[in-house]
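Overview (structure and organization)
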Amino acid sequence: MTWAAGLCGRSIVERMQRPTVRLASTIASTVACTAAQAAGRRGNVTDAIAAKVSRKLLNDPCSPLHHLWAQVKAHFAAHHPAFAHFQDDQPVVTVRQNFDELLFPADHPGRSAHDSYFLDEQRMLRTHMTANERAIMAEGVRRFIVAGDVYRRDAIDCTHMPVFHQLEGVSIFTPDELAAGTQQPPLPEGLEELIAGQEVPAGASRDAVRLVMGDLHGTLSRLMAALFGEAVPMRWSATTFPFTTPSMEAEVFYNGQWLEVVGSGVLRAPILPPSVPAGSLAWAFGMGLERVAMVLHAIPDIRLFWSQDARWRAQFAPPSGGAHGRAWERRRFVPFSKYPPIGRDVSFYVDEAVAAFAENDLFDLIRSHADDLVESVEKIDEFVDGRGRSSRCYRITFRSMDKTLTDAQVNAIQDAIRASIASSLPGVTLR
Ligand code: PHE
């Protein structure tokens, strides 16, 4: 039994179909308390991150993510009625689910505490929704979409936060379906070559893989057209994921630029749980929701998704009367006045003989003091001085999305950041 299923004594599918409110608060307190207990061991979930776990933006009727997810569900209901819809607001999974069962190699960087959030040796905040796929398939669900929150330690700028939301889709084809589909139409241009250049899952025929890839391509093309407009240009390229082969990613051309929106492929044989009939093949895809919502609504900063400001919320509140027309789905965000940024630099020496310096530790430390008041952190200088000491300087830009920050407020945060750097980053000495 997985930890997740064990927590509430229900199957994962049943759990996701139930209202999540009570469960949500249990999880939030579990994460907060376990992170605190685990502090000093391997646990590295900061309070700033634990606070995000309980927000459940997909359930918030004033969040653009809620509307995007609703639009995706409506699209699947209309065009792919066989797909079940799940929402999973419980991001704590096992390391096995997130990495081992998905064939991530032992030395994959995602496994390190620099890149991911761990509660302890066994449990972590999922880095992708793929972590939940096997458990759903194991319950006998053959076709589904699932959305939820995922966590990755990351840089600080207007398009990156350590929490975001992903949509994942899976479709399993049984041996009978594969055999029945041999009269498939020719594959779209480019797809044949893309498949030919890659391995196929153990035991699968190339023809079966062509069928599954063709269906994946069609499904994603229709989804992109529904989201970005019928004529949206798309391009496809080969890529790699540890758990799929062949693998491909799709980009759409929108607002004058190519935007990478979805990673996908045919699941490798060991990913399918034993309850799936032998000889089946499945496609899967994963898509970041913030990135799509940001371009559709011209949202300039990813922190806005977490804003509680009425001027943000009012713009995405459902229209009275409930009519969700196309224009409403595409409406552009109107920035409320932009508040002035305040920059502060922090410089320090790093003694790598004491400890390797990990930028993500610095970013999390800054977020734990400044939370969503920090807009970006950039390395502006790095040098080795005459005595062989390595020095780094970072520019922290503070900016609130809903008020003007005063120098005094920023100084207080900056002082706290400096004190934490001095006391908690090993081998680092402030300059
Ligand atoms: N999990 C992958 C990611 O987060 C996306 C993906 C999902 C790729 C399913 C292939 C299949 O980037």
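Going by the structure above, here's the rest.
All values reported here derive from a predicted model rather than from experimental measurement.

Examining the sheet that holds strand β4 (residues 143–151)
Read from one edge to the other, the open sheet built from 7 strands follows the order β1-β4-β5-β9-β8-β7-β6, with strand pairing classed as mixed. Taken across any chain shown, the strands that pair with only one partner, and hence form the sheet edges, are β1 (84–88) and β6 (234–238). Strand-to-strand twist of the sheet, defined as the mean angle between neighbouring strand axes without regard to direction, takes the value 20 degrees. Its contacts with the sheet place helix α10 (residues 206–228) against β5 (163–173), β6, β7 (244–254), β8 (257–267) and β9 (281–288), and it is angled at close to 25 degrees to β9. Relative to β9, helix α11 (residues 289–297) is tilted by about 50 degrees, and along the sheet it contacts β5, β7, β8 and β9.

Focus: the site of the ligand
If you check the shell around the ligand, you find 13 residues, and the closest are H128, T130, R152, Q166 and G286. Taking H128, its side chain carries an N or O atom lying 3.0 Å from a nitrogen atom of the ligand. The separation between an oxygen atom of the ligand and a polar side-chain atom of R152 is 2.9 Å. When the ligand sits alone it has 320 Å² of accessible area, and the protein chains cover 89% of it. Broken down by secondary-structure element, the contributors of at least two residues to the shell around the ligand are β5, β8 and β9. Sorting elements by how many residues they give to the shell around the ligand places β9 first, with 3 residues. Residue composition of the shell around the ligand, grouped by class: 4 nonpolar, 7 polar and 2 charged.

Criteria and cut-off values
Residue positions within a chain follow its written sequence, with the count starting from 1. Only residues with pLDDT of 70 or above have their local features reported here, since the model is predicted, and side-chain atom pairs are shown and tallied only from 80 upward, although totals for entire chains, interfaces and linings are computed over all residues. Neither water nor hydrogens contribute to the side-chain values; these are computed over all heavy atoms in the structure. Pairing between strands requires that DSSP locate at least two bridges from one strand to the other. Counting from the N terminus, the helices are DSSP H or I runs at least four residues long and the strands are E runs at least two residues long. Interaxial angle, 0 to 180 degrees, is taken between N-to-C directions of lines fitted to C-alpha atoms, where a helix line uses only the stretch in contact. In this analysis, two residues are considered to be in contact whenever any of their non-hydrogen atoms come within 4.5 Å of each other. Consider each residue's heavy atoms; a residue with any of them within 4 Å of a molecule or strand counts as near. Residues adjacent in sequence count toward polar contacts only when both atoms are side-chain atoms; beyond that, a polar contact is any pair of N or O atoms within 3.5 Å, and within protein one must be able to donate a hydrogen and the other to accept it. Here the Shrake-Rupley method, with its probe set to 1.4 Å, supplies the accessible areas, and only the displayed protein chains count as covering residues. In this count, Pro and Cys sit with the nonpolar residues alongside Ala, Val, Leu, Ile, Met, Phe, Trp and Tyr, while Asp, Glu, Lys and Arg are called charged and the others, Gly among them, polar.

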